[in-house]
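Results of the structural survey
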Amino acid sequence: MHVSPESPDLPGSPGSPASPGSPGSPGSPQVPALRGLGAVFDHTAVAAPRVRDLLPIYLDLLGGTFLGGGDHPGGYRVMQLTYPGGGKIELMEPLAGSPFFDSFFELTRGRGGVHHLNFHVPDLDLAVSRLTGRGYRLHGLNTGDPRWREVFLHPKEAHGVLIQLAQRGPRDDEPAPLLEDVLAGRGRGGNGIPSPA
């Protein structure tokens, strides 16, 4: 069903019943501050106990092109795929013995699924300041790696969705690993232990 932007039941549209202070209304004080973060959507992250179970869908069936990946010191392995039009999916799995996804897999009954949405911001410190100033709950602030600074908007603030805000830093010119290297544990920061078959 198509709804025109002028539909009277859409918040913020002409004739809308939304009050001027509601988040979706044009007079909302929250909208300009949040738009001012300069956030740009980058990727959707999908986690599973075994990343190899995700590849038949996201790589083969949907035609993703492997971009790169490796192991994260937080206890998980990632790889990114890109698609025509510029969309990206990040596939994630826990490293052997890591409890990183334990609560997530408990919520998803062990199956996994969409883990978070990633948005890049030009200034993470400014984003944190504006969001906390508005009373938003943030967690997982990590500014120790100049290549990748991040914070998460709590799912209770985003209707059950975990939102990652990240500021990319300078990158070295090391060549991207092959898919086979990441699966073998030889990607960036790799631990040398292959992904479960």
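Given the structure is predicted, the values throughout are model-derived calculations rather than measurements.

Glancing now at the overall build of the protein. Secondary structure assignment for the protein yields 5 helices and 8 strands. For the protein, the succession of helices and strands along the chain, N to C, is α-β-α-β-β-β-α-β-α-β-β-β-α. Burial status across the protein gives 41% buried among its 197 residues. Long-range contacts, defined as pairs at least 24 residues apart, comprise 49% of the intrachain contacts of the protein with a sequence gap of at least 6.

Our next topic: the sheet that holds strand E4 (residues 88-94). As summarised here, the arrangement of the 8 strands in space is E2-E3-E4-E1-E5-E8-E7-E6, forming an open sheet in which the pairing is mixed. The open sheet is flanked by strand E2 (65-72) and strand E6 (138-142), the only strands paired with a single partner. In this sheet, adjacent strand axes meet at a mean angle of 25 degrees when their direction is disregarded. Bridging between strand E1 (residues 40-47) and strand E5 (residues 113-120) involves 7 bridges; their strand directions are antiparallel. Bridging from a neighbouring strand, Phe41 pairs with Phe119 of E5.

Let's shift gears to the nonpolar core. Of all hydrophobic cores here, the largest spans 16 residues; its most connected members are Leu54, Tyr58, Met79, Leu81 and Leu91. Those elements that provide at least two residues to this core are helix H2 (55-61), strand E3 (76-82), E4 and helix H5 (179-183). Those residues in contact with Leu91 that lie beyond four places of it in its chain are Val46, Val51, Leu54, Leu55, Tyr58, Arg77, Val78, Met79 and Leu81. Counting 12 residues, the second largest nonpolar core, distinct from the first, contains Ala127, Val128, Ala158 and Leu165.

To continue, consider helix H4 (residues 124-133). Where H4 is concerned, the buried positions are Leu124, Ala127, Val128 and Leu131. Buried positions in H4, seen along its axis, are confined to an arc of 95 degrees and lie on one side of it. With a side-chain oxygen lying 3.1 Å from the backbone nitrogen of Asp125, the N-terminal cap of H4 falls on Asp123. Directly beyond the C-terminal end of H4, a positive phi value near 90 degrees is found at Gly135.

Parameters and conventions
Residues numbered from 1 in each chain as written. Predicted model: local features only at pLDDT ≥ 70, side-chain atom pairs only at ≥ 80, totals over all residues. Heavy atoms only, no water. Helix = DSSP H or I, 4+ residues; strand = E, 2+ residues; numbered from the N terminus. Buried < 20%, exposed > 50% of the residue type's maximum accessible area, 1.4 Å probe, protein only. Contact = heavy atoms within 4.5 Å. Pairing = 2+ DSSP bridges. Axes fitted to C-alpha atoms, helices over the stretch in contact; angles between N-to-C directions. Core = buried A, V, L, I, M, F, W, Y, C linked by side-chain atoms within 4.5 Å. Arc of directions from axis to C-beta. Polar contact = N/O pair within 3.5 Å; in protein donor to acceptor, adjacent residues only side chain to side chain.

Interpretation note: all reported values are geometric properties and have no functional meaning in isolation.
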